[in-house]
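Each chain is listed here by its residues.
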Amino acid sequence: MTLGPLAACAGPGPATGTGASAGSTAGPGLTLALNRSLVSLDNKLNQFDAAVTVQRGVRQALTFIDPKLTVQPVLAESFKLTAPTEWTVKLRDGVHYSDGSPIKVEDVSTALQMYQKVPGSFLAGLFPEWPTVTPVDASTFKLVTENPMPTLDYLMANILITPAAANKPEELQGGIGSGPYVVTAANRGTGEYTLQVNDKYWGPAPAIKTVQVRFLPEEANRVVALRSGEVDVIDAISPDAISQLSGIGDVEIQQVPSTRITQLFYNFRKPSGHPLADVRVREALSYAINGPALIKDVFADSVTQARGVVADTLTGAVQTGEYVYNPQKAKQMLEAAGVKDLKIKIIWETGEFANDTSVMEAVVEMLKAVGVQAELQQFQPGGDISKWRQGKGGDWDVLGNGYPGPTGLALTPLQGMFAGTAEKEATRDTYHGYVFPKITTLLQKASRETDQTARDGLLSTAQKEIWNTWPCMWAFVPKTVIARRKRVQNVLLSPTNSYDLASVRLNG
């Protein structure tokens, strides 16, 4: 429950004495090619994990989830639970922004307000409630809640701090931060950014002076760019790309287990009487999906079929059931539910997961085999799929979408996806209309429980209840995979699909 002072830890990045002056042979710069466009320099609406690598290079949080999925202090020197509903936080001495101005308690308070006010906030759903900031002195404050929040130190790793006067209830396109890099050029339209070392950085200096960020949506182009040396790191690569790159001497594939779950999630905003409002129909459609075939033939065994409602890599996750392929049972259940000639629309955003189009096309054929006609609608990155997900853009039935586990705790994505309320749904801030009061109550109790054994028991019960609602047609857990040139060293890839730019080194 306590993050005490760590003298050698200046946040995510190299410890003192391991920076550029410690014998690094860094080259002139690092170039990253992302599969989805980086449309913002903070994460208020972000669900694109790899973007966090860049965002945290510019802006920082009080804490950080390390590659072992444990919480570490960054801007906070200490982060202590001092009462059941109170955490006391002390800012690290000397932390400041790239313009030299100090980080203030007011900046933390404003950041919390802006994150909760932004329409359609992804992170808002992760917090059971929002803490309020009570200043103690110029560098110390209390985070106060109405109910106990024993995992608040983990959650605050997602709140990036910006000067109060410059913060807004929207994703920020510019501005300053406290991170090891500053943005010297940005083009949101093309997804290209240039980062330079922050000469006023309060922590150990990064070894790499310049980082170029590019948006290359086509995997083939990313692979060619990596092979030619045009870029240094690419993300979200398919099994085919892994196979192509594995035999190249200058390229290394890096993989770790993932905390992300990818789902064919149902739209729970359907009115009573609609087929998908019937749990029997939702369950029936899951039997139409040949998960093992998708894993073998489309994913080449690079993913695992989900056995629960969140990734089983998360602390507190439990196995709740198996997705079973049984098209005959699917037909029988649809017939028993009185459903004939069902038509559904499946939507997703390009790049949401590897081989996305191939998966969706295969799903269409599988559903066709049980008498269901599926229409596909694909959105380009940076488009208006967010409005559709909120029920403000158009009607749909199934969404291909990944949900991250940014804290390493099962409670966080469970809270974000399944703790919906009527009040949240009124503002379209639930996860696709998912509102089951019994489940919400279980998750609320778990979020307040300070005893971990008791909390895990509540989470186990909640996950089994969620499974019984059949929220997904099918779900899988991908691996976190990047490919990099071997000159790029010390990439501490996390299961959350991000890494600390300040730790990266270049050899040659």
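A short tour of the structure in this document, coming up. Treat the numbers as computed from the prediction; the structure is a model and nothing was measured. (Residues numbered from 1 in each chain as written. Predicted model: local features only at pLDDT ≥ 70, side-chain atom pairs only at ≥ 80, totals over all residues. Heavy atoms only, no water.)

**Here's the deal with the overall build of the protein**
- Helix and strand content of the protein: 14 helices and 22 strands.
- Against the 2.2 N^0.38 benchmark of 23 Å for 508 residues, the protein shows a C-alpha radius of gyration of 23 Å, consistent with a compact globule.
- Structurally, the protein occupies a C-alpha span of about 70 × 55 × 40 Å along its principal axes.
- Contacts in the protein between residues far apart in sequence, at least 24 positions, make up 72% of those at least 6 positions apart.
- Put simply, the protein has 47 plus and 50 minus side-chain charges, and the middle of one group is 0 Å from the middle of the other. (Helix = DSSP H or I, 4+ residues; strand = E, 2+ residues; numbered from the N terminus. Rg over C-alpha atoms; globule rule 2.2 N^0.38 Å. Contact = heavy atoms within 4.5 Å. Lys, Arg positive; Asp, Glu negative; His and termini not counted. Charge placed at Lys NZ, Arg CZ, Asp CG, Glu CD.)

**So, the nonpolar core**
- Counting 103 residues, the largest nonpolar core has Leu62, Leu143, Met156, Leu285, Leu367, Phe418 and Met473 as the members making the most contacts within it.
- Once residues within four sequence positions are removed from consideration, Leu367 is found in contact with Leu285, Ala288, Ile289, Ile344, Ile346, Val372, Ala374 and Met473.
- If you look at the next biggest cluster of nonpolar residues, it comprises 27 residues, including Val58, Tyr193, Val233 and Val491. (Core = buried A, V, L, I, M, F, W, Y, C linked by side-chain atoms within 4.5 Å. Buried < 20%, exposed > 50% of the residue type's maximum accessible area, 1.4 Å probe, protein only.)

**Side note on the pattern of salt bridges**
- A complete count under the given rule lists 18 salt bridges for this structure.
- A salt bridge links Glu352 to Arg36, with the shortest nitrogen-to-oxygen separation between them at 3.3 Å. Linking Glu352 in the loop between β16 (343-349) and α9 (356-368) with Arg36 in the loop between β2 (30-34) and α1 (51-58), this pair joins segments that are 316 residues apart in sequence.
- According to the relative accessible area criterion, Glu352 is buried, its value standing at 9%.
- Among the residues examined, Arg36 registers a relative accessible area of 12% and is labelled buried.
- With a closest N to O distance of 3.0 Å, Glu425 and Arg428 form a salt bridge.
- Since its relative accessible area comes to 28%, Arg428 is described here as partly exposed.
- Here the salt bridges do not stand alone but share partners, grouping Arg36, Arg260, Glu349 and Glu352 into one network. (Salt bridge = Lys/Arg side-chain N within 4 Å of Asp/Glu carboxyl O.)

Take it as geometry only, folks, not as evidence of what the structure does.
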